[in-house]
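Residue-level structure breakdown
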Amino acid sequence: MNNNKPIYVTQPHLPSLEEYIPYLEKIWENKILTNNGPFHQELEKRLSDYLGVEHIALFTNGTIALITALQALRITGEVITTPYSFVATTHSLLWNAIKPVFVDIDPNSFNLEPNKIEAAITPQTTAIMSVHCYGHPCDVEAIQKIADIYNLRVIYDAAHAFGVEDQGGSLLRHGDLSILSFHATKVFNTFEGGAIICPDAKTKQRIDHLKNFGFVDEVTVVAPGINGKMSEINAAFGLLQLEHIDQALARRKEIDAMYRQLLKEVKGISCVQDAGEQIANYAYFPILVEEDYPISRDELYHKLRDNNIYTRRYFYPLISTFPMYRGLASASPTNLPVASNLSSKVLCLPIYPDLTDIQVDFIAQVILGEKK
Ligand code: T4K
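Residues numbered from 1 in each chain as written. Predicted model: local features only at pLDDT ≥ 70, side-chain atom pairs only at ≥ 80, totals over all residues.

**Thoughts on the overall build of the protein chain**
Formally: Helix numbers and strand numbers start at the N terminus; a helix is a DSSP run of H or I with at least 4 residues, a strand a run of E with at least 2. Here the radius of gyration uses the C-alpha set of atoms, whereas the globule reference equals 2.2 Å times the residue count to the power 0.38. Three exposure classes are used, all based on how many other C-beta atoms lie within 10 Å of a residue's own C-beta (placed from the backbone): buried at 20 or more, exposed at 12 or fewer, and partly exposed between those limits. Placing a C-beta atom from the backbone of each residue, one calls two residues in contact when those atoms lie within 7 Å.
Of regular secondary structure, the protein chain possesses 10 helices and 16 strands. For the protein chain, whose C-alpha radius of gyration is 21 Å, the value lies close to the compact-globule estimate of 21 Å for 372 residues. Projected onto its principal axes, the C-alpha positions of the protein chain cover 70 × 55 × 40 Å. Here the protein chain holds 372 residues, and 44% of them are scored as buried. Intrachain contacts of the protein chain at a sequence separation of at least 6 include 70% that bridge at least 24 residues.

**Details of the domain arrangement of the protein chain**
Heads up, the condition is: Segmentation into domains, and thus their bounds, comes from an automatic or database assignment. Asp, Glu, Lys and Arg are counted as charged, while Ala, Val, Leu, Ile, Met, Phe, Trp, Tyr, Cys and Pro are counted as nonpolar; the rest, among them Gly, fall into the polar class.
Splitting the protein chain by domain gives domain 1 (17-240) and domain 2 (245-368). Here the C-alpha centroids of domain 1 and domain 2 sit 24 Å apart. Looking at the side of domain 1 that touches domain 2, the elements with two or more residues in it are helix 4 (88-94), strand 4 (99-102) and strand 7 (165-166). Sorting elements by how many residues they give to the side of domain 1 that touches domain 2 places strand 4 first, with 3 residues. Residues belonging to the side of domain 1 that touches domain 2 are distributed by class as follows: 19 nonpolar, 9 polar and 3 charged.

**Things to note about the UniProt feature "active site" (unreviewed entry) in the protein chain**
Put simply, the test is: UniProt positions are given in the numbering used here, feature names are shortened, and annotations may be inferred rather than shown by experiment.
Per the UniProt record, "active site" (unreviewed entry) is found at Lys186. Judged by local crowding, lysine 186 falls into the buried class, with 22 C-beta atoms found within 10 Å. Setting aside residues up to four positions removed in sequence, lysine 186 forms contacts with Phe162 and Ser181.

**Topic: unusual backbone geometry**
Between tyrosine 314 and the following residue, phenylalanine 315, the backbone shows a cis peptide bond with an omega angle of 15°. In this fold, phenylalanine 315 is placed in the loop between strand 15 (309-310) and helix 9 (337-345). A cis amide bond links tyrosine 316 to the next residue, proline 317, at an omega of -5°. Here proline 317 shows up in the loop between strand 15 and helix 9. At arginine 74, a residue that is not glycine, the phi angle is positive and equals roughly 55°. Look at arginine 74 and you get exposed, because 12 C-beta atoms sit within 10 Å.

**Considering the site of the ligand**
This is how the line gets drawn: Any residue whose C-beta atom, as placed from the backbone, lies within 6 Å of a molecule or strand is termed near it.
Around the ligand, the structure places 24 residues, and the nearest of them are Gly62, Thr63, Phe86, Ala159 and Ser181. Secondary structure elements with two or more residues in the shell around the ligand: helix 3 (62-72) and helix 4. Of the residues belonging to the shell around the ligand, the class tally is 10 nonpolar, 12 polar and 2 charged. The residues that make up the shell around the ligand include at least three from each of domain 1 (17-240) and domain 2 (245-368).

**Regarding the nonpolar core**
Nonpolar side chains tend to gather and get buried jointly when the protein is soluble and globular. Under the convention used in this document: Each nonpolar core consists of buried Ala, Val, Leu, Ile, Met, Phe, Trp, Tyr and Cys residues. Their C-beta atoms, within 7 Å, join them into a set.
Judged by nonpolar contacts, the single largest core of 98 residues is most densely connected at Ala69, Ile179, Ala195, Ile196 and Ile197. Here this core takes 7 residues from helix 3, the largest share from any one element. Here this core spans two domains, since at least three of its residues come from each of domain 1 (17-240) and domain 2 (245-368).

**A word on the packing of helix 1 (residues 17-30) against helix 7 (residues 232-263)**
Test applied: Geometry is summarised by axes, namely lines fitted to C-alpha atoms with helices restricted to the contacting stretch, and by angles between N-to-C directions that run from 0 to 180 degrees. Each crossing gets its hand from how the near helix is turned against the far one by less than a right angle, where anticlockwise is left-handed and clockwise is right-handed.
The N-to-C vectors of helix 1 and helix 7 enclose an angle of 145°; their axes lie 10 Å apart at closest approach. Judged by the twist between their axes, the crossing of helix 1 over helix 7 is right-handed. The segment helix 1 lies against helix 7, with Glu19, Tyr20, Tyr23 and Ile27 engaging Glu232, Ile233, Ala236, Phe237 and Leu240.

**Topic: helix 10 (residues 357-368)**
Cut-off, in case you're wondering: The length a helix should cover is 1.5 Å for every residue beyond the first.
Taking 1.5 Å per residue as the helical rise, helix 10 with its 12 residues ought to reach 16 Å, and the 16 Å between its terminal C-alpha atoms agrees with that figure. One or two positions beyond helix 10, positive phi appears at glycine 369, with a value near 85°.

**A closer look at the pairing of strand 6 (residues 153-157)**
The side chains of a regular strand alternate, residue by residue, between the two faces of the sheet. Just so we agree on the cut-off: Strands are labelled as partners when DSSP assigns at least two bridges between them. Whether a crossover is right-handed depends on one test, that the path from the first strand over the helix to the second runs clockwise when the strands point away from the viewer.
When you tally the buried positions in strand 6, you get 4 out of 5 residues, the bulk of the element. Summarising the sheet, strand 5 (residues 125-131) and strand 6 pair through 5 bridges and their orientation is parallel. By the bridge assignment for strand 6, alanine 127 is matched with arginine 153. Following the chain from strand 5 across helix 5 (residues 140-150) to the adjacent parallel strand 6, one finds a crossover that is right-handed. Here strand 6 runs beside strand 9 (residues 177-181); their pairing, made up of 3 bridges, is parallel. Following the sheet pairing, tyrosine 156 is matched in strand 9 by serine 178.

**So, the sheet that holds strand 2 (residues 55-59)**
Taken together, the 7 strands give an open sheet; going across it, the order is 2-10-9-6-5-3-4, and neighbouring strands pair in mixed fashion. Each end of this open sheet is capped by a strand with a single partner; those strands are strand 2 and strand 4. Direction aside, the axes of adjacent strands within the sheet are offset by 25° on average.

In structure tokens:
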């Protein structure tokens, strides 16, 4: 294969433009562009049906959803969290003047290691913010057990976990709140977008107030809320995406299986396994480049780039190494040996519905050393 076209780590799966036009015509017709419009309401309903959750509040993006979730639960003081995520997870704490306390991760799931949480709890700890990294479930039972003992709230950053299910159903039902991202790079996208999943109507009402400046009605403002509302353009696109989501997930599954087959004999490359999910979403395809692979992780990253393949090192560098966090005692690499090690080895390979078998094969050939 002559690879002239760049292959990125992901690419949004877009329905045909013709399918989107009728939605736009509707918006032009009724002139409702935002503020809980008809498409917004319909998408909340359709998503809660599709995901099998009770209540869902749409947002402009996952980051504002995270920030608002912390406010909805009135979280203060210190929050236990993972260094192995996208910066938005921890930034949402700083935006609320909360101190992050980093705890190391489990080497298999890449998620918070429950056995290390207790030692990090202080009288100031009010919550645990964990991430279902790559859409692989956290040890939700162990985390809830600790939270119950110490009376802590649990927020799951489920930005990667759209559609993932464990034995009991949607992964999003765990904890006090879960957050989704519908960014362009995610399994399900609304260009930009996000959501909070919550267990009861009262909490959803508070979240709905918080995402609309704190307005309850024309003359009542109950909190210093933000503008986190999803627009009708984004909500309409989400409704259209939902029609294609099963097909998109099925193609991701095929690509995942292809990579595993093609890379299974490569010495020094291991494909990250799922974490016991019943239904996976194949959001990412992380591999670990070990010492016995002929070149380093970064050399492989550059070699792939030389072949026009743009992989990403999600998540390197660790959040705990960034200037706003590295001064924290919990950010010390000695506190985070597993996360530091995995972060130096990981590489996420391209995976998205429009990736062809030929492209997957080509990527594998470069890793196998069959291409320069
Ligand atoms: N929590 C977690 C655990 C998260 O992973 C994220 C977001 C959040 C919270 C926050 O949710 P949001 O506020 O974003 O809703 C990307 C995304 O920007 C970010 O949403 C995502 N996590 C993170 C893991 O990845 P970058 O800096 O890698 O994006 P970028 O622009 O380099 O895109 C990667 C590749 O995707 C590009 O090389 C090409 C392709 N691409 C990208 C975009 C934006 C497209 O083909 N089309 C596009 O429109 O962060």
